Structure formats: C-alpha cells, structure tokens
Amino acid sequence: MARIIVVTSGKGGVGKTTTSAAIAMGLAKKGHKTAVIDFDVGLRNLDLIMGCERRVVYDFVNVINGEATLRQALIKDKRCNQLFILPASQTRDKDALTQEGVGKVLDELSKEFKYIVCDSPAGIERGANLAMYFADDAFVVTNPEIASVRDSDRMLGILSSKSRRAEKGEEAIKEYLLLSRYSPKRVNLGEMLSVEDVQDILSLHLLGVIPESKSVLNASNSGTPIILDEESNAGQAYADVVARYLGEDVPHRFINEEKKSLFGKLFGSR
C-alpha cells in the first residue's frame, strides 16, 4: 500500500505547491514510484511548477466523474520516469471533489505507487479537508511569522480529529514541521520567529528548514521543482527533507546565520 502524504497549511502563500513538487520529485529520484495530486480545484498551479501545463488533457475531476481513466489523466514527468502528476481542474467548482470519488482515486493509485503526495489548498475548504482526510503523513508548511504559525496550529486540530485514521481509531497521522522562507539574519534582527519559537508553539517534529531564496521563484517560473537545483540552498534543503523523511540521519542546515570571512566583509561576497 502507498503512503499518502498531505502538504498542508492554514495560510496561503507559504510554499505548499513548491514543497509538494519538490518532495514528490525527491522521492521519485530516490527510486520510489510517486504520484503528486493537485487538490486546488479552480486554482490549478502544480502543473505550472512541474512544467507540464501544456500536456494537461484530463484532470482529477474528470477521473472522479468517470470522464477519463486515471491512466489517461496522469502525466509522466519527462525528467524522472518514477514521477506522475495528476492536475486539478481549472474550470470546475470545488464541490466537484467528493469523499467517495477521492477515496476511489487514491485506492487505485495505492495499488501502483509507493508514495502519493497531495498538494492541499490553504485553509479548511473542501479540497483541503479531503486532502487531509485520507493522509498517513502530514507536512505542515509554515512561515516564521505568528499569523502563519497560528493558522497552522488550527490545521493540527483538524488533522487529529477529522481524518480517516481518527474515525477508524487507527494510529494518528504523523505530523512533520517544514519551516519555509526562513532567514537567520532576519531572525537575529527580531523580524521573524526562530525555529525554536515555532517548535514551542506547534510542538512538531522538525523535518526541515527551507531558506529564503530567489532561486525558488526562478525555479517555479521555469517549471522546474526547486529540488533539482542542487546548487541552491533551497534545493539542498528540500533534498535534506526527503532524506530525513526516508529515515536518513541528516543534520539540519540553514538555521544559523553564516559568518562572513574577512574577504566577504570587504567585498560583500558570501
């Protein structure tokens, strides 16, 4: 059976789709057959970040409604033959997703895939609730600001009480913290919450810290998951996240401010 991962948050704009794309690509690159699903009906973005928007013929809702088979709708990534994308619909209403329909799609995917990554919309609307309902693991993505952390705290209550696992009395969803857009310099200036501050509020296992980086935007604009940019700090941080999730003992990076050398102080280099 597949392991179903939901990438969630309470607040929009924290980097869920970037994270979903990176995690799915990272797992696939490790040799695990992986599917990533866009649950944000009406506001489809995953296909853009994955660089496959021109290849979308059928979508998630088409499969649920019986208008296409899963095999017709899944898009095979051109860079990694272990990764497949199931895009959301741009034209349907969010109510097009049903618990029964989503369950059937996930059950079918589970027969063939090792990991299923669910890119959840923000907040507590229908798509977000359904993405969380079937999850085995949750990557809670938050920015180091109080509003984002508070909204994520609200999502934890839903994860613990309104999931399939909770209804069946099974082991709870495993929850992991992923802190995005982190700047140690701004933390030291008192402009951001520290890693410790966020952990004190949410009490979650820290899976990774993604540094604030222009390379994330550049990767998104080019339709490339940031994890493939192995030269960037953000790409390396996502690779670390995947490794930790798979059980590797990888030390955390990008949490403390880098001290500049004398040359760097004189000439402004890192």
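See the structure above.
Computed from a predicted structure; not experimentally measured. (Residues numbered from 1 in each chain as written. Predicted model: local features only at pLDDT ≥ 70, side-chain atom pairs only at ≥ 80, totals over all residues. Heavy atoms only, no water.)

1. Observations regarding the pairing of strand S5 (residues 115-119)
Looking along a regular strand, one sees side chains alternate from face to face of the sheet. Spelled out, the test is: Note on exposure labels: buried denotes an accessible area under 20% of the residue type's maximum, exposed denotes more than 50%, and partly exposed covers the range between, all computed with a 1.4 Å probe on protein chains only. Working definition: helices are DSSP H or I runs of at least four residues, strands are E runs of at least two. Numbering for both runs from the N terminus. Being paired, for any two strands, means DSSP has found at least two bridges between them.
For S5, a buried count of 5 out of 5 residues is recorded, marking the element as mostly surrounded by other parts of the structure. What you see with S5 is no split at all: Tyr115, Val117 and Asp119 on one side and Ile116 and Cys118 on the other are buried throughout. Strand direction decides the pairing type here: strand S1 (residues 3-8) and S5, joined by 5 bridges, are parallel. The partner of Val7 across the bridge, within S5, is Asp119. As paired elements, strand S2 (residues 34-38) and S5 share 5 bridges and run parallel to each other. Looking across to S5, one finds that Asp38 is bridged to Asp119.

2. Considering unusual backbone geometry
The backbone phi angle of Ser203 is positive, close to 55°, even though this residue is not glycine. Within the secondary structure layout, Ser203 lies in the loop between helix H10 (195-202) and strand S8 (205-211). One non-glycine residue, Phe254, lies in the positive phi region at around 65°. With respect to the helices and strands, Phe254 occurs in the loop between helix H12 (233-245) and helix H13 (262-267). Residue class for Phe254 comes out buried when judged on its relative accessible area of 16%.

3. A short note on the packing of aromatic side chains
Going by this rule: Only centres within 6.5 Å qualify two rings of Phe, Tyr or Trp (six-membered ring in Trp) as a pair; their planes then separate them into stacked at under 30 degrees, edge-to-face at over 60, and tilted for everything else.
Counted under the stated rule, the structure contains 7 aromatic pairs. Look at Tyr176 and Tyr245: their rings are 5.9 Å apart centre to centre, the planes differ by 80°, and that puts the pair in the edge-to-face class. Of this pair, Tyr176 sits in strand S7 (residues 174-182) while Tyr245 sits in helix H12; the two residues are 69 residues apart in sequence, bridging distant segments of the chain. Grouping residues by exposure puts Tyr176 and Tyr245 together as buried.

4. Some thoughts on the environment of Pro251
Convention followed: The contact definition used throughout considers only heavy atoms, calling two residues in contact when any of these lie within 4.5 Å.
Structurally, the position occupied by Pro251 is in the loop between H12 and H13. Residue class for Pro251 comes out exposed when judged on its relative accessible area of 61%. C-alpha of Pro251 to C-alpha of Gly208: the two residues are 43 residues apart in sequence and 9.6 Å apart in space. Not counting chain neighbours up to four residues away, the residues in contact with Pro251 comprise Asp240 and Arg244.

5. Quick notes on the environment of Ser152
Within the secondary structure, Ser152 sits in helix H7 (residues 146-161). Considering only alpha carbons, one finds Ser152 and Val140, 12 residues apart in sequence, at a separation of 6.9 Å. Ignoring anything within four residues of it in the chain, the contact list for Ser152 reads Gly10, Val140, Val141, Thr142 and Leu202.

Functional significance is not addressed by these values, which are geometric in nature.
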